[in-house]
Amino acid sequence: MPELPEVAALAAYLRGRAVGLTVTGVDVVALSALKTYDPPLSALVGRQLTGAGYIGKYLDVDFGGLHLVTHLSRAGWLHYREHITPGPLRPGKGPIAVRVRFDDGSGFDLTEAGTQKRLAVHVVTNPRLIERVATLGPSALEVSLEEFATQIKRNAQIKGVLTDQRALSGIGNAYSDEILHLAKLSPFAMGSKLTAGQVSALYDAVRGTLHEAIARTEGQQAATLKSEKRAGLRVHGRTGLPCPVCGDTIREVSFATSNLQYCPTCQTKGKPLADRRLSKLVR
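A quick note: this is a predicted structure, and the numbers were derived from the prediction, not measured.

A. Structural detail: the overall build of the chain. When helices and strands are tallied, the chain shows 8 helices and 10 strands. Against the 2.2 N^0.38 benchmark of 19 Å for 283 residues, the chain shows a C-alpha radius of gyration of 20 Å, consistent with a compact globule. Considered along the principal axes of its C-alpha atoms, the chain spans approximately 60 × 35 × 35 Å. Relative to its 283 residues, the chain shows a buried fraction of 52%.

B. Spatial organisation of the packing of aromatic side chains. Taken as a whole and assessed by the stated rule, the structure comprises 5 aromatic pairs. Ring geometry for Y80 versus F102: centroids 6.4 Å apart, planes at 20°, classification stacked. In this pair, Y80 sits in strand β5 (residues 76-81) while F102 sits in strand β6 (residues 96-102), placing the two residues 22 residues apart along the sequence. Both residues of the pair, Y80 and F102, belong to the buried class. Taken together, the ring pairs in this structure connect Y13, Y80, F102 and F108 into an aromatic cluster.

C. How the structure looks around the side chain of R99. Relative to the helices and strands, R99 is located in strand β6. With a relative accessible area of 7%, R99 lands in the buried category. A distance of 2.6 Å separates the side chain of R99 from the side chain of D109, its partner in a polar contact. Not counting the four nearest positions on each side in its chain, R99 is found in contact with G25, V26, D27, I84, T85, L89, F108 and D109.

D. Representation of the sheet that holds strand β1 (residues 23-28) in the model. The sheet built from 4 strands is open, its strands ordered β1-β6-β7-β5 with antiparallel pairing. Of all the strands in the sheet, just β1 and β5 have a single pairing partner and so form its edges. Sheet twist, expressed as the average angle between the axes of neighbouring strands with direction ignored, equals 15°. Here 5 bridges tie β1 to β6, and the two strands are oriented antiparallel to one another. Note that in β6 the partner of G25 across the bridge is R101. Strands β5, β6 and β7 (107-112) of the sheet are contacted by helix α1 (residues 4-18), whose axis makes an angle of about 20° with β5.

E. How the structure looks around the pattern of salt bridges. Counted under the stated rule, the structure contains 9 salt bridges. The partner of R17 in a salt bridge is E82, and the shortest N-O contact between them spans 2.8 Å. Taken together, the residues R17 in helix α1 and E82 in the loop between β5 and β6 connect sequence positions 65 residues apart. Relative accessible area serves as the criterion here: at 24%, R17 is assigned to the partly exposed category. Salt-bridge contacts for K159 lead to D177; the nearest nitrogen and oxygen are separated by 2.7 Å. Residue K159 is found in helix α4 (residues 158-163), and its partner D177 is found in helix α5 (residues 173-183); the two are separated by 18 residues along the sequence. D177 shares its class with K159; the two are buried. Taken together, the shared-partner salt bridges in this structure form one network comprising R17, E82 and D104.

F. Layout of the confidence of the model for the chain. Averaged over all residues, the pLDDT of the chain equals 92, while 94% of them reach at least 70. Note that pLDDT drops below 50 for residues 278-283; the model gives that stretch 13 contacts with residues more than four away or on any other chain.

G. Broad picture of the packing of helix α3 (residues 145-152) against helix α6 (residues 196-217). Interaxial distance between α3 and α6 falls to 10 Å at its minimum, and their mutual angle equals 110°. Regarding the angle of α3 to α6, the classification is roughly perpendicular. The residues of α6 that touch α3, namely those facing L145, F148, A149 and I152, are V199, S200, L202, Y203 and V206.

The rules behind the values
Residues numbered from 1 in each chain as written. Predicted model: local features only at pLDDT ≥ 70, side-chain atom pairs only at ≥ 80, totals over all residues. Heavy atoms only, no water. Helix = DSSP H or I, 4+ residues; strand = E, 2+ residues; numbered from the N terminus. Rg over C-alpha atoms; globule rule 2.2 N^0.38 Å. Buried < 20%, exposed > 50% of the residue type's maximum accessible area, 1.4 Å probe, protein only. Phe/Tyr/Trp six-rings, centres within 6.5 Å; stacked < 30°, edge-to-face > 60°. Polar contact = N/O pair within 3.5 Å; in protein donor to acceptor, adjacent residues only side chain to side chain. Contact = heavy atoms within 4.5 Å. Pairing = 2+ DSSP bridges. Axes fitted to C-alpha atoms, helices over the stretch in contact; angles between N-to-C directions. Salt bridge = Lys/Arg side-chain N within 4 Å of Asp/Glu carboxyl O. pLDDT = per-residue confidence, 0-100. Parallel < 35°, antiparallel > 145°, perpendicular 65-115°, else oblique.

Below, the structure is given as structure tokens:
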């Protein structure tokens, strides 16, 4: 799933490539992706792209006060095409959900792989009109240490708190694993029981991990962002490989629809965490 660094990079790419271009057409291929109907997506036609940014894990593309806001979810992505082929797209014949065409012949596709179809596309005059955007917590990159401590110290496992967009916005499964590894914390440590020193270390790990990821994406095209993200990960997605810090074997805990990775030596005092599907978690 694209997280804050990748969405920020997509926004930066659009600002560098498409600001000033005028929309000449919008094709809706997957109606399931469209979450708003007034104003219609066709209202973008004739408008210039004036800016692009992010709100948590949402991409916000500004067309002169009308915002195309997208949550890419688990399998969504933005593909910029230098040359868009003419002619309509056929529904159900590929991963493209929405296509936006510009007056220089280029454009971008919002795509979604797989069958779950969770891509969300909104057209609004203000992103805060979207319910899930309005309920987002403070940005993980902009929150102060004091507010961070308030948001983090909850009676819940810290892995879940970091990925709860109502607590902090922008962090997902992959970067939460990286953050906890850097902070030397178990994914199942309780937020309410963290010491002041642990909270401070976690805050530094959040900022350090996200800033480092954003730096790696600087100048990257949309097509290379996914591979760049994978290349920079230390523990997430590296089950069975050696920890780059201590050399211990990276372990995994699996859930119904996701998994996490961690280093026992760095994070759990050498104790493997039990698989939640099989037994009670070790904290």
